[in-house]
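Coordinate analysis (summary)
As a plain string of letters, each chain reads:
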Amino acid sequence: ESRVDTFSLKPVNALQDSLSFSWSPRQALNFTDTVFLRATLPLRSVAPSLFQLMDADSTAISLESHLDTVQNRVRLDFAKDPNQTYSLQILPGGLTDFFETTNDTIVNQWRTGSPTDYGNLRLNLQGNPAFPLIVELIDQKNDLIRSKYLTGFEEVEFPYLTPGNYRVRIIFDANQNRKWDTGSFLEKSQPERVIYYPGAIEMRANWEKVETFTIQG
């Protein structure tokens, strides 16, 4: 005698992740910084009319917002003055994600300092380098701080640097795709050449520093 067991399945609705945001930078704002708003869920649209930026005197500041769907972030562009406070409010509906969920009111505030709080670095390249190349300024943790793409000799300037120690890295962009390539075993290609300026470069507040980097090949 055969026996057949029966059972039933009850569908369970998966919990949908909630939409939340993070800022970069969060509070302190350098004159060269670009403000980014990142989302935990894929963003679908932005309503710029619901973005309101004001300074310390409650004067409205011109603001441009750009949605980057690849990085899933919103870039905010606005002019920055010294010793100023900027307050941003994004009203409900300013951001819509893939699931048609919109944001609640979002508020954030940034503060700029004085130009004398920072140092300026000018870098002169000499020798016989193979252009194009990428000049990168990195910190002690190897995090990228600034970069500049060069197709020929010109002075490289990195203004408004927070006091600290930095290093300069040069990437020889052989395939001209504006990034470092690791190479390919299958294609029998080597990683693109990278060299470093010898030693750390110390930057202090209210400093103007000039360094010369002699490059061969």
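Everything below is about the structure shown above.
Here is a short report on the structure shown in this document. (Residues numbered from 1 in each chain as written. Predicted model: local features only at pLDDT ≥ 70, side-chain atom pairs only at ≥ 80, totals over all residues. Heavy atoms only, no water.)

1. Notes on unusual backbone geometry
With the exception of glycine, the majority of residues adopt a negative phi angle, and the majority of peptide bonds are in the trans configuration. Cis geometry is adopted by the peptide bond preceding Pro25, which originates at Ser24 and carries an omega value of -10°. Here Pro25 shows up in the loop between β1 (21-24) and β2 (28-29). For the peptide bond that leads from Phe131 to Pro132, omega is 0°, which places it in the cis range. Here Pro132 lies in the loop between β11 (119-128) and β12 (133-138). Although it is not a glycine, Asn83 adopts a positive phi angle of roughly 50°. (Helix = DSSP H or I, 4+ residues; strand = E, 2+ residues; numbered from the N terminus.)

2. With respect to the pairing of strand β8 (residues 85-90)
Across four bridges, strand β5 (residues 51-54) lies against β8 in antiparallel orientation. Paired with Gln52 across the strands is Gln89, a residue of β8. One ladder, built from six bridges, connects β8 with strand β10 (residues 106-112); its direction is antiparallel. Residue pairing in the sheet places Thr85 in a bridge with Arg111 of β10. (Pairing = 2+ DSSP bridges.)

3. Looking at the nonpolar core
Counting 20 residues, the largest nonpolar core has Leu125, Val135, Val168, Ile170 and Phe213 as the members making the most contacts within it. Those elements giving two or more residues to this core turn out to be β11, β12, β14 (156-161), β15 (164-172), β17 (201-203) and β18 (208-216). No other element matches the four residues that β15 contributes to this core. Apart from residues no more than four positions distant in its own chain, Val168 is found in contact with Leu123, Val135, Glu136, Leu137, Ile195, Tyr196, Tyr197, Ile201 and Phe213. (Core = buried A, V, L, I, M, F, W, Y, C linked by side-chain atoms within 4.5 Å. Buried < 20%, exposed > 50% of the residue type's maximum accessible area, 1.4 Å probe, protein only. Contact = heavy atoms within 4.5 Å.)

4. Some details on the sheet that holds strand β7 (residues 73-77)
What the four strands build is an open sheet, ordered β1-β3-β7-β6; its pairing is antiparallel. In the strand order of this sheet, the two ends are held by β1 and β6 (64-68), each with one partner. Each strand axis lies, on average, 20° off the axis of its neighbour in the sheet, ignoring direction. In terms of strand pairing, strand β3 (residues 35-39) meets β7 through four bridges, oriented antiparallel. Residue pairing across strands places Arg38 opposite Arg73, the latter belonging to β7. (Axes fitted to C-alpha atoms, helices over the stretch in contact; angles between N-to-C directions.)

5. A look at the pattern of salt bridges
All chains considered together, the criterion is met by nine salt bridges. Ionic pairing is found between Arg204 and Glu202, a salt bridge with its closest N-O pair at 3.2 Å. A residue is classified by how much of its surface remains accessible, and Glu202, at 34% relative accessible area, is partly exposed. Between Glu211 and Lys209 there is a salt bridge, and its shortest N-O distance comes to 3.9 Å. (Salt bridge = Lys/Arg side-chain N within 4 Å of Asp/Glu carboxyl O.)

6. A short note on the layout of surface pockets
Considering only enclosed or pocket space, the largest pocket measures out at about 460 Å³ in volume. Along the wall of the largest pocket there are 22 residues; nearest its centre are Asn30, Thr32, Asp33, Ile145 and Arg146. Those elements giving two or more residues to the lining of the largest pocket turn out to be β2, β10, β13 (144-150), β14 and β15. A per-element tally of the lining of the largest pocket places β15 first, with three residues. Considered class by class, the residues forming the lining of the largest pocket number nine nonpolar, nine polar and four charged. (1 Å grid on protein atoms, 1.4 Å probe; cavity = no way out; pocket = protein on both sides within 12 Å on 5 of 7 lines; lining within 4 Å. Points joined across faces, edges and corners; volume = space filled by probe spheres on them. Nonpolar A, V, L, I, M, F, W, Y, C, P; charged D, E, K, R; others polar.)

7. Concerning the sheet that holds β5
Ordered by their spatial adjacency, four strands build an open sheet running β2-β10-β8-β5, and the pairing between neighbours is mixed. Every interior strand has two partners, whereas the edge strands, β2 and β5, have only one.

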